[in-house]
Amino acid sequence: MLTPTDHDRDTAGLTYVYPVISRRARGVSLGINLNVNNACNWACVYCQVPNLTRGGPPPVDLALLERELRSFLERLLHGDFMAREVPEDARRLSDVAFSGNGEPTSSPEFPEVVERVIAVLDDLGIRGEGGANLPIRLITNGSLMHRESARRGVARIGSYGGEVWFKVDRATAAGIAAVNGVNLSPEHQRINLLRCCDLAPTWLQTCVFGRDGRPPEESELQAYVDFAAGVADRIQGIHLYGIARQVMQPGGDHLQRLPAASLDALAGRLKEKGLKVTVSP
């Protein structure tokens, strides 16, 4: 059966579409993987993608992706997949999520894929809770929000009632370099975030972990709290989460999952700033 600790992209034997149990979405999340070559423009130290490389994705076979999505949704909703593969307490379709093995917005076809996903959902009459559109979520590092194609795809997700989970793991240049493997200033990160917020409801998503038996330094935590407080009126809230699956990057054995109390303490500091926070240790 599927578990929250196994997000194998090959579960369904498909190229672009894969099901996972998401702790944060609280049910089955149907993933869309546009980076089938395991290439990303970031190299996060906690990444759980095997054989991660730097770069962008190959061209997307739009017709194949649409066929996979349509057939798997029908199997998920009208076949026995839920009963056979999903624990009873997670047997609900929570969302369709652009995530996968790299940065989804790095694909030039990203906005066209969004349109095709929406067309399939509408054609099959799939709705979420209360009859609203099934949520479409983009899980992104947000670094390509200067691209017209990225903004167009995000805007369409927003107009459909979806949302963006925007990665902000650290809020100092040194912290970003150490955790995400890129040279990026906090101010540039903030600019990208606000661009995203203008187009779709946006949550911060933040991975909190220990390294060599030590939690993040207080200076990094305070910088993060200050950053989040500075955008509190623009974001929907924050998803704090810990390491739940095997880290597949060099040096991964130096990282540790923190106790829930550590994430709860950080959540408390953020809530004092008026922010909504969810915690998935």
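Preceding block: the structure.
Draft legend 1. Examining the overall build of the protein chain more closely. Per the secondary structure count, the protein chain includes eight helices and twelve strands. A compact globule built from 281 residues should have a C-alpha radius of gyration of about 19 Å, and the protein chain, at 18 Å, falls within 12% of that. Referenced to the eigenvectors of the C-alpha coordinate spread, the extents of the protein chain come out at roughly 50 × 40 × 40 Å. Burial status across the protein chain gives 53% buried among its 281 residues. Taking contacts inside the protein chain between residues at least 6 apart in sequence as the whole, the part at least 24 apart equals 74%. Accessible area for the protein chain stands at about 11,900 Å²; split by element, carbon and sulfur atoms hold 49% of it.

Draft legend 2. Structural detail: the nonpolar core. Core analysis: the largest hydrophobic core is formed by 65 residues, its most contacted members being Ile32, Phe98, Val113, Leu121, Ile238, Leu240 and Leu270. By residue number, the principal contributor to this core is helix H3 (residues 110-124), which donates seven residues. What Val113 contacts, discounting residues up to four positions off in sequence, is Ile32, Leu34, Val60, Leu62, Leu65 and Phe98.

Draft legend 3. Quick look at the pattern of salt bridges. One pass over the full model with this rule turns up 14 salt bridges. Taking the shortest distance from any N to any O, the salt bridge between Arg70 and Asp123 comes out at 2.6 Å. In this pair, Arg70 is assigned in helix H1 (residues 62-78) and Asp123 in helix H3, connecting sequence segments 53 residues apart. Take Arg70: its relative accessible area is 25%, and that puts it in the partly exposed class. According to the relative accessible area criterion, Asp123 is exposed, its value standing at 53%. For the salt bridge of Arg92 with Glu129, the shortest nitrogen-to-oxygen distance reads 2.7 Å. Here Arg92, found in the loop between helix H2 (81-85) and strand S5 (93-98), pairs with Glu129, found in the loop between H3 and strand S6 (136-140); they are 37 residues apart in sequence, far enough to count as distant. With relative accessibility at 32%, the residue Arg92 sits in the partly exposed group. The network of salt bridges with common partners includes Glu66, Arg70, Glu112, Arg116 and Asp123.

Draft legend 4. Expanded view of the pairing of S6. Taken across its five residues, S6 has five buried, putting it largely inside the fold. Of the two faces of S6, the one lined by Ile136, Leu138 and Thr140 and the one lined by Arg137 and Ile139 are each fully buried. Here S5 pairs with S6 via three bridges, running parallel. Note that in S6 the partner of Ala97 across the bridge is Arg137. Chirality of the crossover, the property in question, places the unit of S5, H3 and S6 among those that are right-handed. Pairing analysis gives four bridges linking S6 to strand S7 (residues 163-167), with the strands arranged parallel. Counterpart to Thr140 in the pairing with S7 is Phe166. Taken together, S6, helix H4 (residues 148-159) and S7 constitute a β-α-β crossover, and its handedness is right-handed.

Draft legend 5. Representation of the sheet that holds S6 in the model. The strand order across the open sheet built from eight strands is S1-S2-S5-S6-S7-S8-S10-S12, with neighbouring strands paired in mixed fashion. Because the sheet does not close on itself, it has two edges, and the strands there are strand S1 (17-22) and strand S12 (277-280). The sheet shows a mean angle of 25° between the axes of neighbouring strands, taken without regard to direction. Where H4 meets the sheet, it contacts S5, S6 and S7, and its direction lies at approximately 145° from that of S6.

Draft legend 6. Geometry of the packing of aromatic side chains. In the structure shown here, the tally under the stated rule is three aromatic pairs. Centre to centre, the rings of Tyr46 and Phe209 are 5.8 Å apart; their planes meet at 55°, and the pair counts as tilted. Taken together, the positions of Tyr46 in the loop between strand S3 (39-40) and strand S4 (53-54) and Phe209 in the loop between strand S8 (202-207) and strand S9 (210-211) put the pair 163 residues apart, joining distant regions of the chain. Just as Tyr46 is buried, Phe209 falls in that class too. Where Phe72 meets Phe81, the ring centres are 5.2 Å apart and the plane angle is 75°; that geometry is what we call edge-to-face. Given a relative accessible area of 2%, Phe72 falls into the buried group. Here Arg170 stacks its cationic end above the ring of Phe209, 5.1 Å away from the centre of that ring.

Parameters and conventions
Residues numbered from 1 in each chain as written. Predicted model: local features only at pLDDT ≥ 70, side-chain atom pairs only at ≥ 80, totals over all residues. Heavy atoms only, no water. Helix = DSSP H or I, 4+ residues; strand = E, 2+ residues; numbered from the N terminus. Rg over C-alpha atoms; globule rule 2.2 N^0.38 Å. Buried < 20%, exposed > 50% of the residue type's maximum accessible area, 1.4 Å probe, protein only. Contact = heavy atoms within 4.5 Å. Areas by Shrake-Rupley, 256 points an atom, 1.4 Å probe, with all protein chains shown as cover. Core = buried A, V, L, I, M, F, W, Y, C linked by side-chain atoms within 4.5 Å. Salt bridge = Lys/Arg side-chain N within 4 Å of Asp/Glu carboxyl O. Pairing = 2+ DSSP bridges. Right-handed = clockwise from strand over helix to strand, strands pointing away. Axes fitted to C-alpha atoms, helices over the stretch in contact; angles between N-to-C directions. Phe/Tyr/Trp six-rings, centres within 6.5 Å; stacked < 30°, edge-to-face > 60°. Lys NZ or Arg CZ within 6 Å of the ring centre and 35° of its normal.

Any functional reading would require information that these geometric values do not contain.
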